[in-house]
Structures are given as C-alpha cells and as structure tokens.
Amino acid sequence: MTDSDSDVSTTTFATLGLRPELLAALERLGHAEPTPIQRDAIIPLCAGADALGQAATGTGKTGAFALPMLQRLGERRQATAPAGLVLVPTRELALQVADAIRDYGRELGTRVLSVYGGEPIIGQIKALQRGVDVVVATPGRALDHLNRGSMSFDEIAMVVLDEADEMLDMGFAEDLEAILGHAPDERQTVLFSATMPPRIERIGRRHMREPQRILAERTESREEEAARVRESAYVVARHHRAGALGRILAMEEPSAALIFCRTRAEVDDVTQRLAGRGHRAEALHGGLSQEQRARVIERMRAGTLTLVVATDVAARGLDIDLLTHVINLDVPSSPEVYVHRSGRVGRAGREGVVITIVHPRDQRALANIERMASRKIRIAAVPQPADLAARRRRALAGRIAALVGGGPPPQGRRLAEDLATELDPMAIAAAALSLAETALWPPTDEDGIDIPPLPVPPAHDKRKRNPRPNERRMPRGEGPKRGPDGATGQVFVGAGRSAGVRPQDLVGAITGESSLSGRDIGAIKIHDRFALVEVPRPRVDEVVRALRGTTIKGRKATVRPEGAGGRERA
C-alpha cells in the first residue's frame, strides 16, 4: 500500500477539521466517511479557495460545498441578509439541496431558504425579511429578488453554481453573469459541473481568483461502469410504441423504473395506459403541485411505487437508490441528456438497465449518442406474444417449484385429491395453471398485436454513417431544429419589454418546462407588449402548453400559437 493509499483509507470527516456540530450532524445522518470529491474539496473550500469542480450527480458533491459553506458561516448569525448563495437549474434541485444544507446545519441553527419560480414571490420576500443564512435559488428567481431589492447581496461570502452546465443549457448565462456581477468582489466562488466545456472555463476566468480544480475520482474504469449498466434500444414505429413498452416491462419486471417522456400530455397518457394494465405507475411533471411531486418521489424511495413517468424537468436532481431501470420513450434531445438520464442507474456498484425506444427516423440521434459515449448500444428485438408467454410460464413454473419444494399447502392437496377421484390429474394441473396464469397476468388487447421487427438503423452500419451529399449538419447555435417538413412556427407570448422580458427569460422558461433544448429555439423578437419565439412547427403546441403552465418575470402571460386569435399591438 502506498502512502497516498494509506492517507485515503484513514481520511474521516474529523480529520478534515470540521466543526463538532457538523460532525454530529454527519453521524446523525449516517455518513461514516467522505466520498472522494468531499475528501478533495472540503479542506481547500474551508480555507476560502475558489474552485472549479467536475462531479456528476451521486458523487456527494452537495456535501462537498455545503459542509465548507456551513463551516465558514459559523453558528446562529444575527444578520438578516444571507451569507451563502447556491444557484441551481431547477426547483426540484433547489428543494433537494436546501434540505441537505438544512440537515447538515441543524446543530448550527442555520436558516435555509429555497427560492424558485412558479411559486408566489411574496412568501419568499417575507422569509427573506425575517432573516436567512443560506439561499438556494434558481437563477431567474434570484435575479427577480435582486431587481426588486428583496434580497441583499451585500453580505454574500460564498456563491456556489451547482450543475453549471445545466444552467447554461437552459439559457441562464446572462442571469448568472448579472448575479455574479452584483456579489461582493471578495466573495468565495465555487462551481460544480458534470462536464467542463469552454463556456464553463470562461466563467471561471471572469469571476474566480486562481480557482483550484477538483475532479471527482473514478472508483472504477469506464469499461467497468459500462459493464454494470446494460444498454439497449428497440426500433419501433410510433403507433406501436405503447405496446412495445408494455411488453418490455413484462419481460424486464423492474423493481423501480423512471420512464422519460417529452411532454406533460404524453406523461399523463402513458401513466394512464400503464395503470390500466395493472402497473403501479404515477406521473411526475411541472403541472403537478410541489406537494404532489414530493409524494410521488417519496413513494418511489420507499419502494411502494414501481414506475414513475416523468419529463426531464421534473426528474432533474432526483437521486433514488432503488432505481433499477431508466426507459426513454424517445431518443433524448441530445447525447448529454442521454448520459445524464443513464447516470441515474448503476451507482455504488449496483447493476442497472437503460432502454431506449427508437423511431426509425431517429437513427442518427442514436448514433450521435454512441459516438459521445464511445460505446455501442445493442439493438434488441421487440418481445413478441410467444416471448411473453414463455417468460410468464417460466415465472409460474418457478413459483410452483418453490411451493412444491416446501410441501404443497394442505388445503390445495385436499382439493386436488377430491378432484382426482373424478378427473384426470394431468387435466386438473393444466386447468389450474391456466387459471393461475390468467389471474397473474390478465390478458389485454395489446398482447396479441403483432409488432413487426424493423431493420437495424443504417446509422449502425459504419459504411452509412456519413450524411448523404445533399444533407448538411446544422452547426450549433445556427437555428432551431426543424420539423420533418423543414418548417418552423412561432409562439406568441403576451409580455414584452415593458414587463422586463428578455430572450433568456423565454429560453429558460421553455427549456425548463418542456422537452426542448436551447438549440431547438430560433429567433426571438421582443416588442413592447409581446414577444415571438421561433420553434420547430411540430413543437409549437408543446411550447404553448409549457409556457401556459409557468410564469415569466413573475407573472402569467397570454400564450398561443402565432396567428391564433390575432396579434396585440406593440
């Protein structure tokens, strides 16, 4: 064993110099020893260093920045203005991080508040007036409080950007610049990101003082990680997708699965279909209240719920230990989204499964994911009725063998003996098995539908990977991804310059509440009283539904497809 190995093996939270109150909280929470990212980050952050940290969800990064923040803030501050500010991309993550900081700081009496859009701002203002030590906020709502003067930045000693790459993808770049520009120059700045693209580096150069670089140690090779997670894809025509999902679930029998859809309407439809087939399934999307979403998450964590059907936005920041399967009902909008979703399974040495249902025209998107992940995704055949029947018979045979091994129940034996005086024992057994199979797996209309196998997408043939001569790849930032007919549409938003609306507000609202990414959004024209947003024409209705379900600059606005119902005068 090397000296460094010895140092790692003997590192505890106590040897990192944390306050007794924090050590007591860690013991209460059952955290025996620091994770690699915590071991590397806590000492320099407690010393006040700025830092650029690269760490994925599930590595313990919340503790890596929260413990040093609490260490430096001390106990029972009398000041009203916050001293710590954590910026996160979504309200789900804001609540999750705020809960973690509150747990860590309980013995210190730390006052923690989460602020995010979609909730009345008045309650947040009153909480800030009563006094707060740490604020965990989404960038848009933090900037709203800054502009209103309801949250003072004068005493901010530490700013943390958590999941910075996600915030930039959601269009919050200008908000982050404005917030960092108003924080005191002598503050400590810490940034954590799953990836470290050049734009993250630029933030570091502009807003940090000689930041230390902290990289979450890999406890195993990429090959070992990939071997732990089984990835496969099923090429299915869109009208057979629901039937394919039902068969995949029947074959896989997940203990806990997260099923991703693109829109709220799709989430509700899929959830209803699954519940009708007898699955324990619930929806999770931005149209639910925070209390409803919290109940769904808690039920899955407790093991009383098998399937959660969700949009990306609602599921961001979720960390569920029991999760065994991630299922994508469409190819994710970008390779980064696929990697983020698949990273929810296979943690802490556990095995996991990632399944993607692919429409034939999405073959290039699947190939892009393979190139980014540097691994092949196996194309599997959709289970057919004969496969389901064989799977169920094996399961039923296993149950019967277990019962027989322990001795058949006396009541069952007496009934079998009575029937055997009049009927053939083999016929009795066959009839009993048929009844049992029907009771366990009630037949549905979809069971007998033939889902024809589709050919392996050409994108998986290396000779056909390059685009045809008359095709051109759209460079990033050049405009929206167009619909199948090449057309784009516009969304009318009844709020403009007079309401303080900026392009990044609209981009953040759309990417935060729909399946679109920033690259899907085209030209944005903001007039005095309204704005027009260009998106792929097939996605116009999705964007309209998403914007109607949220607030823009703290207010509800009229939203409709452009051209429907006339236009307001500028």
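Since the model is a prediction, treat every value here as computed from it, not as a measurement.

What to know about the overall build of the protein chain
Here is step 1 of the chain: Counting its secondary structure elements, the protein chain contains 22 helices and 18 strands.
Here is step 2 of the chain: With 570 residues in all, the protein chain has 49% of them scored as buried.
Here is step 3 of the chain: For the protein chain, long-range pairs separated by at least 24 residues make up 76% of all intrachain contacts whose partners lie at least 6 apart in sequence.
Here is step 4 of the chain: Within the structure as shown, the protein chain displays about 27300 Å² of accessible surface, and the carbon and sulfur contribution to it stands at 52%.

As for the environment of Leu143
Here is step 1 of the chain: Relative to the helices and strands, Leu143 resides in helix H7 (residues 139-148).
Here is step 2 of the chain: A residue is classified by how much of its surface remains accessible, and Leu143, at 4% relative accessible area, is buried.
Here is step 3 of the chain: C-alpha of Leu143 to C-alpha of Ile179: the two residues are 36 residues apart in sequence and 6.6 Å apart in space.

Here's the deal with the pairing of strand E3 (residues 112-115)
Side chains on a regular strand alternate between the two faces of the sheet.
Here is step 1 of the chain: The alternating pattern of E3 places Val112 and Ser114 on one face and Leu113 and Val115 on the opposite face, and all of these are buried.
Here is step 2 of the chain: With four bridges connecting them, E3 and strand E4 (residues 134-137) associate as parallel partners. Looking at the pairing, Val115 lines up with Ala137 of E4.
Here is step 3 of the chain: Where the polypeptide runs from E3 across helix H6 (residues 121-130) and back to E4, its parallel neighbour, the crossover connection is right-handed.

A closer look at the sheet that holds strand E5 (residues 158-162)
Here is step 1 of the chain: Pairing is parallel across the open sheet formed by seven strands, whose spatial order is E3-E4-E2-E5-E6-E1-E7. Single-partner strands in this sheet number two, and they are E3 and strand E7 (212-215). Between one strand axis and the next, the sheet turns by 15° as a mean value, whatever way the strands run.
Here is step 2 of the chain: With four bridges connecting them, strand E2 (residues 84-87) and E4 associate as parallel partners. In the sheet register, Leu87 faces E4, and the bridge partner there is Ala137.
Here is step 3 of the chain: Strands in contact with helix H10 (residues 198-207) are strand E1 (51-54), strand E6 (188-193) and E7; relative to E6, the strand with the most contacts, it is inclined by about 175°.

Points about the nonpolar core
Here is step 1 of the chain: Phe65, Leu67, Val86, Val97, Ile101 and Val136 are the most contacted members of the largest nonpolar core, which has 40 residues in total.
Here is step 2 of the chain: Within the residue set of this core, elements represented by two or more residues are helix H2 (20-29), helix H3 (36-46), helix H4 (61-73), helix H5 (91-104), E4, E5 and E6.
Here is step 3 of the chain: Among the elements that make up this core, the one with the highest residue count is H5 (eight residues).
Here is step 4 of the chain: In contact with Leu67, other than residues within four places in its own chain, are Phe13, Leu18, Leu22, Leu26, Ile42 and Tyr104.
Here is step 5 of the chain: In this structure, Leu52, Ala127, Val135 and Ala183 belong to the second largest nonpolar core, which totals 31 residues.

Observations regarding the environment of Val135
Here is step 1 of the chain: Topologically, Val135 is positioned in strand E4.
Here is step 2 of the chain: Look at Val135 and you get buried, because its relative accessible area is 1%.
Here is step 3 of the chain: Along the sequence, Val135 and Val112 sit 23 residues apart, while their C-alpha atoms lie 5.9 Å from each other.
Here is step 4 of the chain: Excluding residues that lie within four positions of it along the chain, Val135 makes contacts with Pro82, Gly84, Leu85, Val86, Leu113, Val115, Leu128 and Met151.

Focus on the sheet that holds strand E17 (residues 531-536)
Paired through their backbone hydrogen bonds, the strands of a sheet run either parallel or antiparallel.
Here is step 1 of the chain: As summarised here, the arrangement of the four strands in space is E16-E17-E15-E18, forming an open sheet in which the pairing is antiparallel. Single-partner strands in this sheet number two, and they are strand E16 (524-526) and strand E18 (559-561). With direction set aside, neighbouring strand axes in the sheet form an average angle of 20°.
Here is step 2 of the chain: Pairing geometry for E16 and E17, over three bridges, is antiparallel.

Regarding helix H16 (residues 335-342)
Helical geometry note: an α-helix holds 3.6 residues per turn, so side chains three or four residues apart project in the same direction.
Here is step 1 of the chain: Of all the positions in H16, only Pro335, Val337, Tyr338, Arg341 and Ser342 are classed as buried. What you see down the axis of H16 is that its buried residues fit within an arc of 160°, all on one side.

A short note on unusual backbone geometry
Here is step 1 of the chain: Look at Glu210: it is not a glycine, yet its phi comes out positive at around 45°.
Here is step 2 of the chain: When you line up the elements, Glu210 lands in the loop between H10 and E7.

Details of the pattern of salt bridges
Here is step 1 of the chain: Inspection of every chain in the model, using the stated rule, returns 21 salt bridges.
Here is step 2 of the chain: Across the salt bridge formed by Arg141 and Asp144, the nearest N and O atoms sit 3.8 Å from each other. Taken together, the positions of Arg141 and Asp144, both in helix H7 and three residues apart, correspond to about one turn of that helix. Comparing Arg141 with Asp144, the two get one shared label, buried.

So, the side chain of His285
Here is step 1 of the chain: Structurally, His285 is set in the loop between strand E10 (281-284) and helix H14 (290-302).
Here is step 2 of the chain: A distance of 2.9 Å separates a polar atom in the side chain of His285 from the backbone nitrogen of Gly287.

Looking at the confidence of the model for the protein chain
Here is step 1 of the chain: Averaged over all residues, the pLDDT of the protein chain is 80; the fraction at 70 or higher stands at 83%.
Here is step 2 of the chain: In the predicted structure, residues 459-479 sits below a pLDDT of 50 and forms 28 contacts with residues beyond four places in sequence or in another chain.

A look at the packing of aromatic side chains
Here is step 1 of the chain: In the structure shown here, the tally under the stated rule is two aromatic pairs.
Here is step 2 of the chain: Note on Phe492 and Phe530: the rings are 5.4 Å apart at their centroids and 20° apart in plane angle, and the pair reads as stacked. Taken together, the residues span a long stretch of sequence, with Phe492 in strand E15 (residues 488-493) and Phe530 in the loop between E16 and E17 at a distance of 38 residues. A single burial state applies to Phe492 and to Phe530, both of which are buried.
Here is step 3 of the chain: One cation-aromatic arrangement involves Arg560 over Phe492; the distance from NZ or CZ to the ring centre is 4.1 Å.

Calculation criteria
Residues numbered from 1 in each chain as written. Predicted model: local features only at pLDDT ≥ 70, side-chain atom pairs only at ≥ 80, totals over all residues. Heavy atoms only, no water. Helix = DSSP H or I, 4+ residues; strand = E, 2+ residues; numbered from the N terminus. Buried < 20%, exposed > 50% of the residue type's maximum accessible area, 1.4 Å probe, protein only. Contact = heavy atoms within 4.5 Å. Areas by Shrake-Rupley, 256 points an atom, 1.4 Å probe, with all protein chains shown as cover. Pairing = 2+ DSSP bridges. Right-handed = clockwise from strand over helix to strand, strands pointing away. Axes fitted to C-alpha atoms, helices over the stretch in contact; angles between N-to-C directions. Core = buried A, V, L, I, M, F, W, Y, C linked by side-chain atoms within 4.5 Å. Arc of directions from axis to C-beta. Salt bridge = Lys/Arg side-chain N within 4 Å of Asp/Glu carboxyl O. Polar contact = N/O pair within 3.5 Å; in protein donor to acceptor, adjacent residues only side chain to side chain. pLDDT = per-residue confidence, 0-100. Phe/Tyr/Trp six-rings, centres within 6.5 Å; stacked < 30°, edge-to-face > 60°. Lys NZ or Arg CZ within 6 Å of the ring centre and 35° of its normal.

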